[in-house]
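# A structural walkthrough
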Amino acid sequence: MGQRLSGGRSCLDVPGSLLPQPPPSPPPVRRKLALLFAMLCVWLYMFLYSCAGSCAAAPGLLLLGSGSRAAHAPPALATAPDGTLPRLPFREPPVTQLAAGKGMAEGAESQEEQSPEAQDSPSPISSFFSGSGSKQLPQAIIIGVKKGGTRALLEFLRVHPDVRAVGAEPHFFDRSYDKGLAWYRDLMPRTLEGQITMEKTPSYFVTREAPARISAMSKDTKLIVVVRDPVTRAISDYTQTLSKRPDIPTFESLTFRNRTAGLIDTSWSAIQIGIYAKHLEHWLRHFPLGQMLFVSGERLISDPAGELGRVQDFLGLKRIITDKHFYFNKTKGFPCLKKAEGSSRPHCLGKTKGRTHPAIDGEVVRRLRDFYRPFNRKFYQMTGHDFGW
């Protein structure tokens, strides 16, 4: 047993160089480089994650208008009189050439609505994170009013890193409700934790079914209404339609059922939208007043930072949009944002905003102010705010 080999070693003895050796440990420098690279990757991820919101907060050049040149929301679908207003003591007019002109005006408004000018245009950083987050139903909706300044307000809010909004008007609660909430949710942008999903469709405010439908989606939805002097709003509404259909009747002829008797035609959508108190009654049956914020379209022009401060407080957001985001454009005569969302280049609302209003007979304007006065007073009482119209 155990023959000895030459040199006195056993046959079981094997040279150490022939046994498997453990891998050599990496040099200290290589280990440090690997650790440094890993830390760099983590830092880069966190930097891009934070930029997904903060880089989008760069202010943008956004044109606002006032008076006859106000920049406002895309037109909203005109609803039937019996669907938006309680019965008023005016008879239905016979079908005349004037009534046909009103129909043409309503058709032009609807046609312009079908091609919203503001589509989603996410920033490069937002696009990088397009696969991050999740799509949520909106927690806040700008529900009105048409030609009140809703487009400007939405674009202002999109500067905030914690706001993600649909650019085009979804018109879900007035036109597409039968498509279901899953379809509606899919229209929304993806949001990260802590961000708010929003949309704006001004025609919701005058749609009889909208309050109950939004409440059925979520009773906690916050509602924002941008309101404006109803007389100026009606003229702006008419101006928009006139730009599409130059052959429609004059503002004066569309305003009255009987001009001699001074009877205002409340069946014309340009008039009925401005009876804010009547529409608000429907909303207060489904939402408490505390869940609604009424933004002054006039103050959105004269003090945009102040109004945006109120909106940010209402939404529970940090006041990031301040005076530093705005400057006064002397050429246009309106306040503007310095930079658009996710862009370093100036941007203004489209040419469809801020149209010059036609000259309106002063007597017609006076009669309209008399007509709206009691409705305005009731609206002030309901909201607890005097807008000074």
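Just above, that's the structure.
Here's what I pulled together on the structure shown here. (Residues numbered from 1 in each chain as written. Predicted model: local features only at pLDDT ≥ 70, side-chain atom pairs only at ≥ 80, totals over all residues. Heavy atoms only, no water.)

### Topic: the overall build of the protein
To keep things clear, this is the line we draw: Helix and strand definitions follow DSSP, with helices as H or I runs of at least four residues and strands as E runs of at least two, each counted in order from the N terminus. Buried, partly exposed and exposed residues are distinguished by accessible area as a fraction of the type maximum, computed with a 1.4 Å probe on protein chains only: under 20%, between the cut-offs, and over 50%, respectively. Residues are treated as being in contact if the distance between any of their heavy atoms lies within 4.5 Å. Only the protein chains shown count as cover for residues, and the accessible areas themselves come from Shrake-Rupley with a 1.4 Å probe.
Helices and strands together make up the secondary structure of the protein, namely 14 helices and 11 strands. Taking all 389 residues of the protein together, 49% fall into the buried category. A fraction of 80% describes how many contacts in the protein between residues 6 or more apart in sequence connect residues 24 or more apart. As displayed, the protein offers around 19,300 Å² of accessible surface, 57% of which is attributable to carbon and sulfur atoms.

### Topic: the pattern of salt bridges
Worth spelling out the cut-off: Salt bridges are identified by distance alone: a Lys or Arg side-chain nitrogen within 4 Å of an Asp or Glu carboxyl oxygen.
Counted according to the given criterion, the structure contains 19 salt bridges. Put simply, Arg-366 and Glu-363 hold a salt bridge, and the shortest N to O gap is 2.5 Å. In this pair, Arg-366 and Glu-363 both sit in helix α14 (residues 362-383), three residues apart, roughly one turn of the helix. Here Arg-366 falls in the partly exposed class, since its relative accessible area comes to 42%. Judged by its relative accessible area of 31%, Glu-363 falls in the partly exposed class. Each of Glu-363, Arg-366, Arg-367, Asp-370 and Arg-373 takes part in a single network of salt bridges with overlapping partners.

### Observations concerning the packing of aromatic side chains
Aromatic rings considered in pairs are described by the distance between their centres and by the relative angle of their planes. We apply this condition: Stacked, tilted and edge-to-face are the three classes assigned to paired rings of Phe, Tyr and Trp, where Trp is represented by its six-membered ring and a pair needs centres within 6.5 Å; plane angles under 30 degrees give stacked, over 60 edge-to-face, the rest tilted. By definition, being over a ring means that NZ of Lys or CZ of Arg is both within 6 Å of the ring centre and within 35 degrees of the ring normal.
In the structure shown here, the tally under the stated rule is 22 aromatic pairs. Ring geometry for Phe-173 against Tyr-184: centres 5.1 Å apart, planes inclined by 75°, an arrangement best described as edge-to-face. Taken together, the residues span a long stretch of sequence, with Phe-173 in the loop between β3 (163-165) and α6 (181-187) and Tyr-184 in helix α6 at a distance of 11 residues. With respect to burial, Phe-173 and Tyr-184 carry one shared label: buried. Three or more aromatic residues joined by ring pairs make a cluster, and in this case those are Phe-172, Phe-173, Tyr-177, Trp-183, Tyr-184 and Tyr-204. For Lys-222, the ring lying beneath its charged end belongs to Phe-314, and the centroid distance is 5.5 Å.

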